[in-house]
Amino acid sequence: MNIKSSEITTETNYLNRRNFIRAGLFGASMLGTTWAYRKLNSPGGGEVTQPLLADLIAAADVSATTTPVASGPVDPSITKAFTTDEKQTELKDITHYNNFYEFSTDKAEVADLAKGFVTKPWGVSVEGLCKKPRVFDLDDILRISPPEERVYRMRCVEGWSMVIPWNGFSLSKLLERVEPQSDAKYVAFTTLFDKKRMPNQKSSVLDWPYVEGLRMDEAMHPLTILASGIYGRALPPQDGAPLRLVIPWKYGFKGIKSIVKIELVEKEPPCTWNIANPGEYGFYSNVNPKVDHPRWSQATEQRIGEFGRRDTLMFNGYAEQVGGLYAGMDLKKYF
Ligand SMILES: Nc1nc2c(c(=O)[nH]1)N[C@H]1C(S)=C(S)[C@@H](COP(=O)(O)O)O[C@H]1N2
Ligand SMILES: [Mo]
């Protein structure tokens, strides 16, 4: 098979042969891409039946001290972006086409390798520049606010996209709990580091643990959520159980999975893909069809389950809601 390296669209530079072939197929024509996707996801993947999120929340210990926070009013120009009537990606696709390098660099293999990943008990330490640092267990977090449905577009930097009905609530509600100090300018996130439970952490494909970061105003934006479910069910392991970040206007890799630490910090924190390749992955990583990846165009995308490519939208279609956060910034420099 003849694959031009210029056609490869993948986040990794050093691929094994199997991934090389798949990546090559993926970077090919729209027909080829659809074909490759269908072939990789032929029946046999199986359905996931996670427990209903509502049942998990009902089961959370009611005697605990965490009282739910009332939803503050959110500007209607923002709440209208909480959903979209675009066709939602099938659950089978959301759960069998995954980037989660702690398990595998092969998207089609992650679901199988992550099966049985133990997420109970699960603690999330919220610490750093705040008045009330503490370790929350998952039940504490689920109780902070009733899960809302957020139907967001997700655009991976590799050039594919989905429409995912997440369940979760704005990260700001968790951060308010710990009372950030005024010198907290950024928020740093860390994934679990456990080679036994996340076997591909034995490889050196990335620096472990996976880390990510946001500017404080990005973290506090109502569109930024902590997700604990998809389609009303608990997050399956392959999608970042039990808790992951979703920032719909940024490339998918900013959406760090299986979070165990959230730290309020003063300086821009390190981010895994930026460490791996600073020339290709910046701190901001806002979806931007006008700023190409050095190895491929970002002008269009393959919506999974759809025929042909569609145009990529500025800030992934959330420009009205978040454009103001970057007013006056050179988006080619701060990519
Ligand atoms: N810890 C961790 N988080 C991660 C990743 C990863 O490899 N490890 N992959 C990222 C990338 S590249 C993407 S596109 C999304 C994919 O999320 P999904 O598999 O639920 O669609 O998760 C992001 N979060
Ligand atoms: Mo990605």
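Residues numbered from 1 in each chain as written. Chains lettered and ligands numbered in written order. Predicted model: local features only at pLDDT ≥ 70, side-chain atom pairs only at ≥ 80, totals over all residues. Heavy atoms only, no water.

Student: Help me out: how do you make sense of helix 8 (residues 171-178) in this one?
Tutor: Within an α-helix, residues lying three or four positions from one another point in the same direction, as the helix has 3.6 residues per turn. For helix 8, the tally of buried residues reaches seven of eight residues, placing the bulk of the element in the interior. Within the span of helix 8, buried status applies to Leu171, Ser172, Lys173, Leu174, Leu175, Arg177 and Val178. A positive phi of about 55° marks Glu179, the residue just after helix 8. (Buried < 20%, exposed > 50% of the residue type's maximum accessible area, 1.4 Å probe, protein only. Helix = DSSP H or I, 4+ residues; strand = E, 2+ residues; numbered from the N terminus.)

Student: Any chance you could explain the site of ligand 1 here in plain terms?
Tutor: Taken together, 17 residues are adjacent to ligand 1, and Tyr101, Glu102, Asp239, Gly255 and Lys257 come closest. The separation between a nitrogen atom of ligand 1 and a polar side-chain atom of Thr191 is 3.0 Å. Side-chain polar atom of Asp239 to an oxygen atom of ligand 1: 2.7 Å apart, as the coordinates give it. Coverage of ligand 1 by the protein amounts to 99% of the 540 Å² it exposes when considered alone. (Near = heavy atom within 4 Å. Polar contact = N/O pair within 3.5 Å; in protein donor to acceptor, adjacent residues only side chain to side chain. Areas by Shrake-Rupley, 256 points an atom, 1.4 Å probe, with all protein chains shown as cover.)

Student: I tried to follow the nonpolar core on my own but got confused; where do I start?
Tutor: Judged by nonpolar contacts, the single largest core of 79 residues is most densely connected at Trp166, Leu171, Phe189, Leu223 and Ile262. Looking at this core, the element that brings in the most residues is strand 4 (residues 160-170), giving five residues. In contact with Ile262, other than residues within four places in its own chain, are Val124, Ser125, Val126, Glu127, Leu171, Leu174, Leu175, Val187, Ala188 and Phe189. (Core = buried A, V, L, I, M, F, W, Y, C linked by side-chain atoms within 4.5 Å. Contact = heavy atoms within 4.5 Å.)

Student: I tried to follow the side chain of Asn316 on my own but got confused; where do I start?
Tutor: Position of Asn316 relative to the elements: it lies in the loop between strand 12 (309-311) and helix 11 (319-322). Polar side-chain contacts of Asn316 include one of 2.9 Å to the backbone oxygen of Pro248.

Student: Just to check I follow, could you spell out the packing of aromatic side chains for this structure?
Tutor: Two aromatic rings, taken as a pair, are described by how far apart their centres are and by the angle between their planes. For the structure on display, the rule yields 13 aromatic pairs. Seen from their ring centres, Trp273 and Tyr281 are 5.3 Å apart, and the 65° between their planes marks the pair as edge-to-face. Here the two residues Trp273 and Tyr281 agree in accessibility, since each one is buried. Note on Phe315 and Tyr326: the rings are 5.4 Å apart at their centroids and 20° apart in plane angle, and the pair reads as stacked. (Phe/Tyr/Trp six-rings, centres within 6.5 Å; stacked < 30°, edge-to-face > 60°.)

Student: Is there a simple way to explain the layout of surface pockets in this structure?
Tutor: Gaps left between atoms show up when a probe the size of a water molecule is rolled over them. The space that makes up the largest pocket amounts to roughly 420 Å³. Lining the largest pocket are 22 residues, and of these Leu56, Thr119, Lys120, Leu138 and Pro242 lie nearest its centre. If you list the elements that add at least two residues to the lining of the largest pocket, you get helix 3 (53-59) and helix 7 (138-144). Of the residues in the lining of the largest pocket, the class split is 15 nonpolar, four polar and three charged. (1 Å grid on protein atoms, 1.4 Å probe; cavity = no way out; pocket = protein on both sides within 12 Å on 5 of 7 lines; lining within 4 Å. Points joined across faces, edges and corners; volume = space filled by probe spheres on them. Nonpolar A, V, L, I, M, F, W, Y, C, P; charged D, E, K, R; others polar.)

Student: Looking at this structure, how should I read the pairing of strand 2 (residues 134-137)?
Tutor: Two faces, one strand: in a regular strand the side chains alternate between the faces of the sheet. In terms of strand pairing, strand 1 (residues 123-128) meets strand 2 through four bridges, oriented antiparallel. Bridged to Gly123 within strand 2 is Asp137. (Pairing = 2+ DSSP bridges.)

Student: Would you mind showing me how to read the environment of Ile164 here?
Tutor: Turning to its location among the elements, Ile164 is positioned in strand 4. As for Ile164 and Leu91, which are separated by 73 residues in sequence, their C-alpha atoms are 8.6 Å apart. With residues near it in sequence (within four places) discarded, Ile164 still touches Ile94, Arg150, Val151, Tyr152, Met154 and Ile230.

Everything listed here is a matter of geometry and, on its own, says nothing about what the molecule does.
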